[in-house]
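Understanding the architecture of this molecule
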Amino acid sequence: MNKIFLIAIFVTAFIAACETYPQDEYEEYYVVESYLVANRQLPFVLLSTTTPADALYDFEEQSVNDADIEIQLLETGPESAVESSFKYQNQLPGIYIPNLNHKVLPARTYKLQITFPDNNNRITAHTTIPDTFSVVGEVQDTVVYQSDDQLDITLTKSSYPGRQSIFVFNALAQNDIPQNLTPFYRDIYDESDNPDKDLNEFSNNSSGIINEGNFDINPDGSFTIEYPWIGIAFYGTNLIVANAMDDNIYDFVRSQNVQLGGNTLSPGEIQNVIFHVEGGIGVFGSLATDTVETFIKLPVF
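Residue indices begin from 1 for each chain and proceed along its sequence in written order. pLDDT decides what is reported in this predicted model: residues at 70 or higher carry local features, side-chain atom pairs at 80 or more are listed and counted, and totals for whole chains, interfaces and linings draw on all residues regardless. For the side-chain quantities, the full set of heavy atoms in the structure was used; hydrogens and water were omitted.

Some words on the overall build of the chain
Counting its regular elements, the chain contains five helices and 16 strands. Taking all 301 residues of the chain together, 50% fall into the buried category. Partitioning the intrachain contacts of the chain with sequence separation of at least 6 by distance along the chain shows that 71% fall at a separation of at least 24. Accessible surface, the chain: about 15000 Å² in total, of which carbon and sulfur atoms supply 47%. Numbering of helices and strands starts at the N terminus; helices are DSSP runs of H or I of at least 4 residues and strands are runs of E of at least 2. Residue burial is assigned from relative accessible area. The probe radius is 1.4 Å, only protein chains are included, and a residue is buried under 20% of its type maximum, exposed over 50%, and partly exposed in between. Contacts between residues were defined by any pair of non-hydrogen atoms, one from each residue, lying within 4.5 Å. Methods summary: accessible areas were calculated by the Shrake-Rupley approach with a probe of 1.4 Å, and residue burial reflects only the protein chains presented.

Structural data, given as structure tokens:
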């Protein structure tokens, strides 16, 4: 998958929740991060521990390197028997890789299981993989920024058990230099503060959550969306990545967005970040994805 999510997001979100709901005593949690992508090889699993809200989080310093990790393909749903198991080994601090190759199957359920040789702690999580989809039709190879000819993206239908499909789009800029910033992002870019950090954030620009109901439905069952100009941070070549999310990523993203801003709720009304992980926090989630390329052209006045 693309770099939508980072391990720092988890700890930032969890610290935000702790500051909103202070505890008398700090409690350390295991932090898990892994994203399965339909029709791709099994991913890495990242494992670390939290730090107190007033301490610096460093992944290598907080890494956990003695865990026994496996991902299991289940026969049907979360409570079904195990069809296949894939064990993991520690490769780098906090980073585990699978011992066997396995292409993630769409519309199937996988279970993460983590145990430890020196204690009775146990971490488990499930994810059901969204069904695959693809970008269809012709996508404009060149679009003039903020012209009437907006970037249209048409997708075949994806499916997910019990609900409509939920997407997040990312524009990955291939020419991410300050001179190529579009007007909105140029105005908020502070070259004197932390220029590299801002550029890195802008170069992978998320649309936020988009429900299937926000698309225009075509007669053949496909969906079309006009990609919003606010989602384009740089002129030049951009990869537009469409991701259908499972429940675990969806719940994490929407609850993390509330924690980190963009809401009008008072602290007592803000829900905690949602982690579908037993025995720890983080995300064991999954996606189906497809990518197109387009060139965003500077308008001529």
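Additional details are given in the paragraphs that follow.
Notes on the packing of aromatic side chains
Ring pairs are drawn from Phe, Tyr and Trp, using the six-membered ring of Trp, whenever the two centres fall within 6.5 Å, and their geometry is named by plane angle: stacked under 30 degrees, edge-to-face over 60, tilted for the rest. The full count for this structure, using the stated rule, is twelve aromatic pairs. Geometrically, the ring pair formed by F169 and F215 is tilted, given 6.2 Å between the ring centres and 40° between the ring planes. Residue F169 is found in strand β11 (residues 166–173), and its partner F215 is found in the loop between β12 (204–211) and β13 (216–217); the two are separated by 46 residues along the sequence. For the pair shown, F169 and F215 are each scored as buried. Note on F184 and Y185: the rings are 5.0 Å apart at their centroids and 90° apart in plane angle, and the pair reads as edge-to-face. Under the relative-accessibility criterion, F184 is labelled partly exposed at 42%.

What about the environment of Y235?
If you trace the backbone, Y235 turns up in the loop between β14 (223–226) and β15 (236–245). Once the C-alpha coordinates of Y235 and D176 are considered, the two residues, 59 residues apart in sequence, prove to be 8.3 Å apart. Each residue touching Y235, except ones within four places of it in the same chain, is listed here: Y145, N175, N180, L181, T182, P183, I296, K297, L298 and P299.

Details of the pattern of salt bridges
Note on definitions: salt bridges are taken to be side-chain nitrogens of Lys or Arg within 4 Å of carboxyl oxygens of Asp or Glu. Throughout the structure, instances matching the rule amount to five salt bridges. In this structure, the salt-bridge partner of K87 is E70, at a minimum N-O distance of 2.8 Å. Linking K87 in strand β4 (residues 82–92) with E70 in strand β3 (residues 68–74), this pair joins segments that are 17 residues apart in sequence. Taking the shortest distance from any N to any O, the salt bridge between D247 and R163 comes out at 2.6 Å. In this pair, D247 is assigned in helix α5 (residues 247–259) and R163 in the loop between β10 (152–155) and β11, connecting sequence segments 84 residues apart. Look at D247 and you get partly exposed, because its relative accessible area is 30%.

Let's talk about the pairing of strand β7 (residues 122–128)
Burial runs high along β7: five of the seven residues are buried. Two strands form a pair only when DSSP identifies at least two bridges running between them. Bridge count for strand β6 (residues 109–115) against β7 is seven bridges, and the pairing is antiparallel. Residue I114 lies in a different strand from β7, and its bridge partner there is I123. Connecting β6 to the next strand, β7, in antiparallel fashion are six residues.

Some remarks on the sheet that holds strand β8 (residues 135–136)
Consider a sheet: its strands pair through backbone hydrogen bonds, and that pairing is either parallel or antiparallel. Ordered by their spatial adjacency, four strands build an open sheet running β8-β10-β14-β13, and the pairing between neighbours is antiparallel. Two strands in the sheet have a free side with no partner beyond their single neighbour: β8 and β13. As paired strands, β13 and β14 are joined by two bridges and run antiparallel to one another. The partner of I217 across the bridge, within β14, is F223.

Focus on the side chain of D246
Structurally, D246 is set in the loop between β15 and α5. We score Asp and Glu as negative and Lys and Arg as positive, and we do not count His or the chain ends. Among buried Asp, Glu, Lys and Arg side chains, D246 stands out as unpaired, with R163 the closest opposite charge at 6.1 Å. In protein, a polar contact means a hydrogen-donor-capable atom and an acceptor-capable atom, both N or O and within 3.5 Å, with residues adjacent in sequence counting only if both atoms are side-chain atoms; elsewhere, any N or O pair within 3.5 Å suffices. Only 2.6 Å separates the side chain of D246 from the side chain of T127, close enough to count as a polar contact. Excluding anything up to four places from it in sequence, D246 contacts T127, T128, P130, Y160, R163, F284, G285 and S286.

Thoughts on the pairing of β10
Looking at chain direction, β8 and β10 are connected through two bridges and run antiparallel. By the bridge assignment for β10, V135 is matched with L155. Two strands pair when backbone bridges link them, and β10 and β14 are joined in this way by four bridges, in the antiparallel orientation. Pairing of D152 across the sheet is with E226, part of β14.

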